[in-house]
Amino acid sequence: MKGYRNYFGKKLIWFFITLVVAFVLNFTLPRLMPGDPVAAIVSRMAQGMSNTSGVQAIYEQYTELFGTNRPISEQFVIYVRNALRGDFGYSISQYPRTVADVLRSSIFWTVGLQFPAIIVGWILGNALGALAAYRRGNFDRVLLPVSLFLSSLPAFGMAVILLVIFAVSLRWFPTSGGYGFDLIPNLSWSFIWSVIVHYQLPFWSLVIITIGGQAIGMRSMSIYELNADYVKYSRFMGINDNKIVRYVFRNAMLPQITGLALALGTMVGGALVAEVIFSYPGLGSTILTAVLGQDYPLISATTLIITIMVLLANFAVELLYGFLDPRIKAAQAD
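Keep in mind that what you see is a predicted model, and the values were worked out from it rather than measured. (Residues numbered from 1 in each chain as written. Predicted model: local features only at pLDDT ≥ 70, side-chain atom pairs only at ≥ 80, totals over all residues. Heavy atoms only, no water.)

Counting its secondary structure elements, the protein contains 14 helices and zero strands. Each helix and strand of the protein, ordered N terminal to C terminal, gives the series α-α-α-α-α-α-α-α-α-α-α-α-α-α. Sorting the 334 residues of the protein into buried and exposed places 39% on the buried side. Of the roughly 18,500 Å² that the protein leaves accessible, carbon and sulfur atoms contribute 68%. (Helix = DSSP H or I, 4+ residues; strand = E, 2+ residues; numbered from the N terminus. Buried < 20%, exposed > 50% of the residue type's maximum accessible area, 1.4 Å probe, protein only. Areas by Shrake-Rupley, 256 points an atom, 1.4 Å probe, with all protein chains shown as cover.)

Structure (structure tokens):
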């Protein structure tokens, strides 16, 4: 157990060091963008005003509200203090809404879309990859090129293909939105059915590209393990082939577990362009609006969520590997 404590302790220290560095970059990088976002708000509010002193007073009021008139070091201290309380202030591009309110209204749609898509794609991809490695033959010769093609497509590419075929040409599904534009969110069956129908194209655009990458990875690892010396020796000793295959696929799954954890960690930041393609009311549209509006608080809050999820996913993988990987177990025992 002492060896495990040292292993996990080192991983925990690196986790906090990376978190601090990411926190600083997360604050700094959006503020290096050119332009003045407060001036954009004031220009919208001051349309038709001819009194320059009044416009200047409005500008000073909003720079005080958003803290952009203070030194960058003071802004960072305020940012850290507020972030620890979960308070990211007001959104510049969607003022007077708070950042927390904007995120609450959009993150549910993103997680509800991408989490199931990643899980379904991961399961189907690994099952197909393992089957192709074990059976080989025509199944493998068909699966490999198809998987290579699907894995090479970006999320927005698959989204455009499905949009053109099933929404524009066949008109089986709507082209955009998370539900009908003529509906108000409620628990009625008409609204739920509208959400399900609008959900299909974004969901399958993510599932299909996930299947391709996972199938290739699982197939390659399974073939490598099936040709390993311990498999040949086990077969020579007459051990049941089903028992050997269980060990083979358990070892082949280790890199795939890493891929799943990282995919879950980056699901808020990954494939958001597909949400923009379908105008899905998730974080994709929110981030696009924030970048175009130079919305420092919203950009910082969104990227901070992505950063923390990626770090937690990596940390969880390291902990899981400590228990699953026999090589790490042996190293800690020594």
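The rest of the description comes next.
So, on to the nonpolar core. Most often, soluble globular proteins have nonpolar side chains that are buried together. Ranked by size, the top nonpolar core spans 23 residues in total, and within it Leu113, Met158, Phe203 and Leu206 carry the most contacts. Elements with a minimum of two residues in this core: α5 (99-135), α7 (155-169) and α8 (189-226). The element best represented in this core is α8, accounting for nine residues. Leave out the neighbours within four places in its chain, and Leu113 touches Tyr199, Pro202, Phe203, Leu206, Glu275 and Tyr280. Among the nonpolar cores identified, the runner-up in size contains 15 residues, and Phe27, Tyr79, Leu283 and Ile299 belong to it. (Core = buried A, V, L, I, M, F, W, Y, C linked by side-chain atoms within 4.5 Å. Contact = heavy atoms within 4.5 Å.)

Among the secondary structure elements, Thr286 is positioned in helix α12 (residues 283-292). Contacts of Thr286, omitting those with residues within four sequence positions, involve Val102, Ser106 and Leu298. At a separation of 3.4 Å, a polar atom in the side chain of Thr286 contacts the side chain of Ser106. (Polar contact = N/O pair within 3.5 Å; in protein donor to acceptor, adjacent residues only side chain to side chain.)

Close contact between α5 and α12 brings their axes to 8 Å; oriented N to C, the two are set at 135°. Between α5 and α12, the interaxial angle falls into the category oblique. From α5, Val102, Leu103, Ser106, Ile107 and Thr110 reach across to α12, where they touch Leu283, Gly284 and Thr286. Along the lines of polarity and charge, the residues of the contact of α5 with α12 split into four nonpolar, four polar and no charged. (Axes fitted to C-alpha atoms, helices over the stretch in contact; angles between N-to-C directions. Parallel < 35°, antiparallel > 145°, perpendicular 65-115°, else oblique. Nonpolar A, V, L, I, M, F, W, Y, C, P; charged D, E, K, R; others polar.)

Looking now at the pattern of salt bridges. Enumeration over the complete set of coordinates arrives at one salt bridge. Residues Arg97 and Asp101 are paired through a salt bridge, measuring 3.0 Å at the closest nitrogen-oxygen approach. In this structure Asp101 comes out as partly exposed when scored by relative accessible area, which is 28%. (Salt bridge = Lys/Arg side-chain N within 4 Å of Asp/Glu carboxyl O.)

Attention now goes to unusual backbone geometry. Here the phi dihedral of Arg171 falls at roughly 60°; this positive angle occurs in a residue that is not glycine. Assignment of secondary structure puts Arg171 in the loop between α7 and α8. Even without being a glycine, Ser279 presents a positive backbone phi close to 50°. Looking at the element boundaries, Ser279 is found in the loop between α11 (272-277) and α12.

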